[in-house]
Protein chains: 2
Amino acid sequence: MKSIITSLVVCSFLLSACGRTDDDNMLRIREQGSFLVGGSVITVPGSYDENNPTNPAGQTLHGDHAYVFYQIPEKTHSLPLVFLHGNGESAKTWETTPDGREGFQNIFLRRGFSVYLADQPRRGKAGKSTVSDTLRAVPDEAFQFEIFRVGVWPDPFPGVQFSPAPQAWEQFMRQVTPNTGAFDKEVVSDALSALMDKIGGGILITHSMGGGPGWLTAIKSSNTRAVIAYEPGSSFIFPKGEVPSPIPHSGPEKALEADSTSMDKFLKLTRIPIVIYYGDNIPEQPTKHWGQDTWRARLEMARLFVDCINRHGGDAQVIHLPDLGIKGNTHFPFADLNNVEVADVMSAWLKEKGLDN
Amino acid sequence: MKSIITSLVVCSFLLSACGRTDDDNMLRIREQGSFLVGGSVITVPGSYDENNPTNPAGQTLHGDHAYVFYQIPEKTHSLPLVFLHGNGESAKTWETTPDGREGFQNIFLRRGFSVYLADQPRRGKAGKSTVSDTLRAVPDEAFQFEIFRVGVWPDPFPGVQFSPAPQAWEQFMRQVTPNTGAFDKEVVSDALSALMDKIGGGILITHSMGGGPGWLTAIKSSNTRAVIAYEPGSSFIFPKGEVPSPIPHSGPEKALEADSTSMDKFLKLTRIPIVIYYGDNIPEQPTKHWGQDTWRARLEMARLFVDCINRHGGDAQVIHLPDLGIKGNTHFPFADLNNVEVADVMSAWLKEKGLDN
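From a predicted model like this one, the values you see are computed outputs, not experimental measurements. (Residues numbered from 1 in each chain as written. Chains lettered and ligands numbered in written order. Predicted model: local features only at pLDDT ≥ 70, side-chain atom pairs only at ≥ 80, totals over all residues. Heavy atoms only, no water.)

Draft legend 1. Highlighting the overall build of chain A. Across its full length, chain A holds nine helices and 17 strands. The C-alpha atoms of chain A give a radius of gyration of 23 Å, which matches the 21 Å a tight globule of 357 residues would have. For chain A, the C-alpha atoms occupy an extent of roughly 80 × 65 × 45 Å along the three principal directions. Per-residue burial for chain A yields a buried fraction of 61% across its 357 residues. For chain A, long-range pairs separated by at least 24 residues make up 73% of all intrachain contacts whose partners lie at least 6 apart in sequence. Counting 33 positive and 41 negative side-chain charges, chain A places the averaged centre of each group 4 Å from the other. (Helix = DSSP H or I, 4+ residues; strand = E, 2+ residues; numbered from the N terminus. Rg over C-alpha atoms; globule rule 2.2 N^0.38 Å. Buried < 20%, exposed > 50% of the residue type's maximum accessible area, 1.4 Å probe, protein only. Contact = heavy atoms within 4.5 Å. Lys, Arg positive; Asp, Glu negative; His and termini not counted. Charge placed at Lys NZ, Arg CZ, Asp CG, Glu CD.)

Draft legend 2. Region of interest: a positive patch on the surface. A contiguous patch of positive charge on the surface is contributed by Lys240, Lys265, Lys268 and Arg271 of chain A. Topologically, arginine 271 of chain A is positioned in the loop between helix H7 (263–266) and strand S16 (273–278). (Patch = residues over 30% accessible without salt bridge, like charges linked within 9 Å, V, L, I, M, F, W, Y side chains within 5 Å. Areas by Shrake-Rupley, 256 points an atom, 1.4 Å probe, with all protein chains shown as cover. Salt bridge = Lys/Arg side-chain N within 4 Å of Asp/Glu carboxyl O.)

Draft legend 3. The packing of helix H5 (residues 185–199) of chain A against helix H6 (residues 211–220) of chain A, seen in detail. Residue and element names in this part refer to chain A. Closest axis-to-axis distance for the H5/H6 pair is 8 Å, and the angle between their directions is 50°. As the angle between them shows, H5 and H6 are arranged oblique. Seen along the crossing, H5 lies across H6 with a hand that is right-handed. Contacts from Lys185, Glu186, Val188, Ser189, Asp190, Leu192, Ser193 and Met196 in H5 reach Pro213, Leu216, Thr217 and Lys220 in H6. (Axes fitted to C-alpha atoms, helices over the stretch in contact; angles between N-to-C directions. Parallel < 35°, antiparallel > 145°, perpendicular 65-115°, else oblique. Left-handed = near helix turned anticlockwise from the far one by under 90°.)

Draft legend 4. View of the UniProt feature "domain: AB hydrolase-1" (unreviewed entry) in chain A. In this structure's numbering, the residues bearing the UniProt feature "domain: AB hydrolase-1" (unreviewed entry) are residues 81–299 of chain A. Regarding residues 81–299 of chain A, the helix share stands at 28% and the strand share at 21%, and the terminal C-alpha atoms are separated by 24 Å. (UniProt positions renumbered as here; feature names shortened; annotations may be inferred.)

Draft legend 5. Summary view of the nonpolar core. By size, the foremost hydrophobic cluster in this structure holds 183 residues, and its most contacted members are Phe104 and Phe305 of chain A together with Phe104 and Phe305 of chain B. Those residues in contact with phenylalanine 305 of chain A that lie beyond four places of it in its chain are Trp215, Phe236, Ile237, Phe238, Phe266, Leu269 and Ile276 of chain A. If you look at the next biggest cluster of nonpolar residues, it comprises eight residues, including Tyr67, Phe69 and Ala126 of chain A together with Phe69 of chain B. (Core = buried A, V, L, I, M, F, W, Y, C linked by side-chain atoms within 4.5 Å.)

Draft legend 6. Focus on the packing of aromatic side chains. The tally for this structure, following the rule as stated, stands at 49 aromatic pairs over all chains. Measuring from ring centre to ring centre gives 4.9 Å for phenylalanine 83 of chain A and tryptophan 94 of chain A, while their planes differ by 50°; the resulting arrangement is tilted. Taken together, the residues span a long stretch of sequence, with phenylalanine 83 of chain A in strand S5 (residues 81–84) and tryptophan 94 of chain A in the loop between S5 and helix H2 (104–110) at a distance of 11 residues. Overall, phenylalanine 83 of chain A belongs to the buried group, its relative accessible area being 0%. We classify tryptophan 94 of chain A as buried; its relative accessible area is 0%. Directly above the aromatic system of tryptophan 295 of chain A lies the positively charged group of arginine 298 of chain A, at a separation of 4.3 Å from the ring centroid. When the ring centre of phenylalanine 35 of chain B is taken as reference, the NZ or CZ atom of lysine 198 of chain B above it lies at 4.6 Å. (Phe/Tyr/Trp six-rings, centres within 6.5 Å; stacked < 30°, edge-to-face > 60°. Lys NZ or Arg CZ within 6 Å of the ring centre and 35° of its normal.)

Draft legend 7. Region of interest: the side chain of aspartate 336 of chain A. All names here are of chain A. Mapped onto the secondary structure, aspartate 336 falls in the loop between strand S17 (315–320) and helix H9 (339–352). Polar side-chain contacts of aspartate 336 include one of 2.8 Å to the side chain of asparagine 329. Setting aside chain neighbours within four positions, we find aspartate 336 in contact with Arg101, Gln161, Asn329 and Thr330. (Polar contact = N/O pair within 3.5 Å; in protein donor to acceptor, adjacent residues only side chain to side chain.)

Draft legend 8. Up close: the relation of the copies chain B and chain A. The transformation that overlays chain B on chain A combines an axial shift of 0.0 Å with a rotation of 180°, and the residual RMSD is 0.0 Å. Such a combination of rotation and displacement between the chain copies is what one expects of a two-fold axis. (Least-squares fit on C-alpha atoms with pLDDT ≥ 70 in both.)

Draft legend 9. Structural context of the interface of chain B and chain A. Each partner contributes to the interface: chain B provides 89 residues, whereas chain A provides 89 residues. Summed over both sides, the interface of chain B with chain A buries roughly 7300 Å², with 51% coming from carbon and sulfur. When the area that chain B buries against chain A is broken down by residue, the three leading residues are Lys125, Pro139 and Arg174 of chain B, summing to 11%. Run the count over chain B and chain A and you get four salt bridges. Where lysine 128 of chain B meets glutamate 141 of chain A, a salt bridge forms, and the shortest distance between an N and an O atom there is 2.5 Å. Where chain B meets chain A, there are 53 residue pairs in polar contact (both at pLDDT 80 or more). With nine residues, strand S1 (residues 27–37) of chain B is the single largest residue contributor to the side of chain B that touches chain A. Considering only residue class, the side of chain B that touches chain A consists of 36 nonpolar, 34 polar and 19 charged. The sheet contact formed by strand S7 (residues 133–135) of chain A and strand S7 (residues 133–135) of chain B spans three bridges and is antiparallel. When the bridges of S7 of chain B are listed, leucine 135 of chain A appears paired with aspartate 133 of chain B. (Buried area = accessible area lost by both parts, 1.4 Å probe. Nonpolar A, V, L, I, M, F, W, Y, C, P; charged D, E, K, R; others polar. Pairing = 2+ DSSP bridges.)

Draft legend 10. Examining the pattern of salt bridges more closely. Within the structure shown, the criterion is met by 33 salt bridges over all chains. The residue aspartate 99 of chain A makes a salt bridge to arginine 101 of chain A at a minimum N-O spacing of 2.7 Å. Look at aspartate 99 of chain A and you get partly exposed, because its relative accessible area is 27%. Across the pair lysine 125 of chain A and aspartate 119 of chain B runs a salt bridge whose closest N-O atoms are separated by 3.0 Å. Remark: aspartate 119 of chain B occurs in strand S6 (residues 115–119) and lysine 125 of chain A occurs in the loop between strand S6 (115–119) and S7; the pair is interchain, linking two chains.

Draft legend 11. Focus on helix H5 (residues 185–199) of chain B. All names here are of chain B. Its 15 residues give H5 an end-to-end C-alpha distance of 21 Å, which sits within 8% of 21 Å, the value for a rise of 1.5 Å per residue. For H5, the set of buried residues is Val187, Val188, Ser189, Ala191, Leu192, Ser193, Leu195 and Met196. Its side-chain oxygen 2.9 Å from the backbone nitrogen of glutamate 186, aspartate 184 forms the N-cap of H5. Of the residues flanking the end of H5, it is glycine 200, one or two places downstream, whose phi is positive at about 75°. (Expected span 1.5 Å × (residues − 1).)

Draft legend 12. Region of the structure containing unusual backbone geometry. With an omega dihedral of 0°, the bond running from tryptophan 153 of chain A to proline 154 of chain A counts as a cis peptide bond. Relative to the assigned elements, proline 154 of chain A resides in the loop between strand S8 (151–152) and strand S9 (155–156). Look at serine 208 of chain B: it is not a glycine, yet its phi comes out positive at around 55°. When you line up the elements, serine 208 of chain B lands in the loop between strand S10 (202–207) and helix H6 (211–220). When its relative accessible area of 10% is taken as the criterion, serine 208 of chain B is described as buried. Positive phi, close to 60°, is recorded for asparagine 281 of chain B, a residue that is not glycine. Here asparagine 281 of chain B lies in the loop between strand S16 (273–278) and helix H8 (290–311).

Draft legend 13. Quick look at the environment of leucine 61 of chain B. Structurally, leucine 61 of chain B is set in strand S3 (residues 60–63). Separated by 295 residues in sequence, leucine 61 of chain B and aspartate 356 of chain B place their C-alpha atoms 40 Å apart. Setting aside residues no more than four positions away along its own chain, leucine 61 of chain B makes contact with Ala137, Val138, Pro139 and Glu141 of chain A together with Ser40, Val41, Ile42, Lys128, Ser129 and Thr130 of chain B.

Draft legend 14. Layout of H8 of chain B. Residue and element names in this part refer to chain B. Under the 1.5 Å per step criterion, the end-to-end length of H8 is 31 Å for 22 residues, consistent within 8% with the ideal 32 Å. Among the 22 residues of H8, 16 are classified as buried, and the element is accordingly described as predominantly covered. After H8 finishes, the residue glycine 313 shows a positive phi value of roughly 95°.

Draft legend 15. Broad picture of the side chain of threonine 206 of chain B. Mapped onto the elements of the fold, threonine 206 of chain B is located in strand S10. Residues in contact with threonine 206 of chain B, not counting those within four places in the same chain, are Leu84, Trp94, Gly211, Gly214, Ile228, Ala229 and Tyr230 of chain B.

As structure tokens, then:
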């Protein structure tokens, strides 16, 4: 009996030292790292002259790649999640939230998914562009408050899922980072499809302006096994002959236009499951508050988009989070105060589609 | 006896399930995340007009902060490591090496250090600048091959610690990322000292052009407990009246000048341990190969700098890696083929100075 107690005490000590019993919150990472993927090379004819190093003759420029940071947890589902940010953002958008909680990077690592966080070409750590550009430092944050549906400047929407702490707004505005070359959805989707091919298959999760390159990535690489789009804002794509009329709104562009592609390419979107999520405070009727009104047009276009995919045999859906009783979300549902609930909705969809094996 | 065996079997099973005994290579992360720190705010007088959102009146711009990604391992030394990249780089410089091995981020996480990886203001994910700028896409990679001391274009130095695989060179050139606003060492050191104050103390590790802001960070924040500088290239700082003459070299600037500060500020550098590392292929005599020759001047200036610190009572040293028998290192020793050996040298210094408690 004494021996049994001794061995149990030793066993208990060893288990305690192994950490798992003490702290189940530890992230166990099998592998993590970063790389650049895709992109192009400019080669200038001539010979390099070391006494004139600013002369490009004989020199090269590698640019227009994506930067990717990845983490593979100890036990992982077979398909990784590949995250593509929106306009004015980098992969930071999926990391710690503006109010300091865990974002989708950590939430889905903890749920056993490998995560690949991309900075798209000409953004963030993938700043080396093949085209020159001028960057203007223009104060525009009241505009961002409205277009991101936090509220009507300077008042937050009642019940909005954005922290009222001033530090949260400050972090949110500081995570904005500019293009280092003109946005080009072909360049972005070329790099993202190179990423999909490199990793041999993944689930693409896009946000906002990442939506357009997201559809193109799925068209370009059959290694894109599913697309989850949070609040896509533009570049909905339809087969030629089925492109809907522009949808009027009160924003500066006056209407939201759709893109067109060949039927052959469009049909690739019918071969994978697709889900699109939108948050709250999107008006049902036209309004002069155009920061909201553009989203009314976008939600309407998203519905036309999934209808088109489905009538060609696909599996797409739009989920307007308030229809599930999930209220108050901004343009960044995955970073909002209720982002665990938003993640639960995504997890349920992954399970339903058999994407979490 | 049977009971003892049973309990030992159970114990063994549980230990095996805990993972530690099976796979000692797993990274155990207690906490990871990212934030923006430091920076300033521009506020434009007037009122925001939602019908004219590109008019900055009444709007703000948050800019000039640093972006920081951090990881805290399960068991950590008391002082974290804070990494600041060099010119044309982001924190990627400390992540996976160009040839795909682990960089200092993972190496020092495995050695039990918390790591804070900064993108300096106006670079990488901290791209939001308070000043406008024009970015030019100019092919210049033969120049980089020389100034980074990989070789004399297009031939690598014999025995250079840089992989001959073409993919390594491609990754290396793609990790370069531009300024999104003019480099300003005061702006960079303001953000880095805000970081040091936020985390309450750390060991600053700089590379190349990060060296100058590094000395200023140590002067501005007493939470900078030590500085490790890899290949600082400019902005060596001396007390007024003790600034050495410019050191001639064959590069375009013709000579390397030093900066000056007040004695009061300079003396802050005498209160912490400082070590400076340089790699190989730095000539002892002037040469027309100016990509190497500028480093001769820099190494010489670094020696004058540590002499000055030490004669005022400090603890600084320059370690030229070839003097330790460590050969072939480029301008990026921490990412070179022998970076584990380079890390060992750093670990030994940390231990010697009692910085790994």
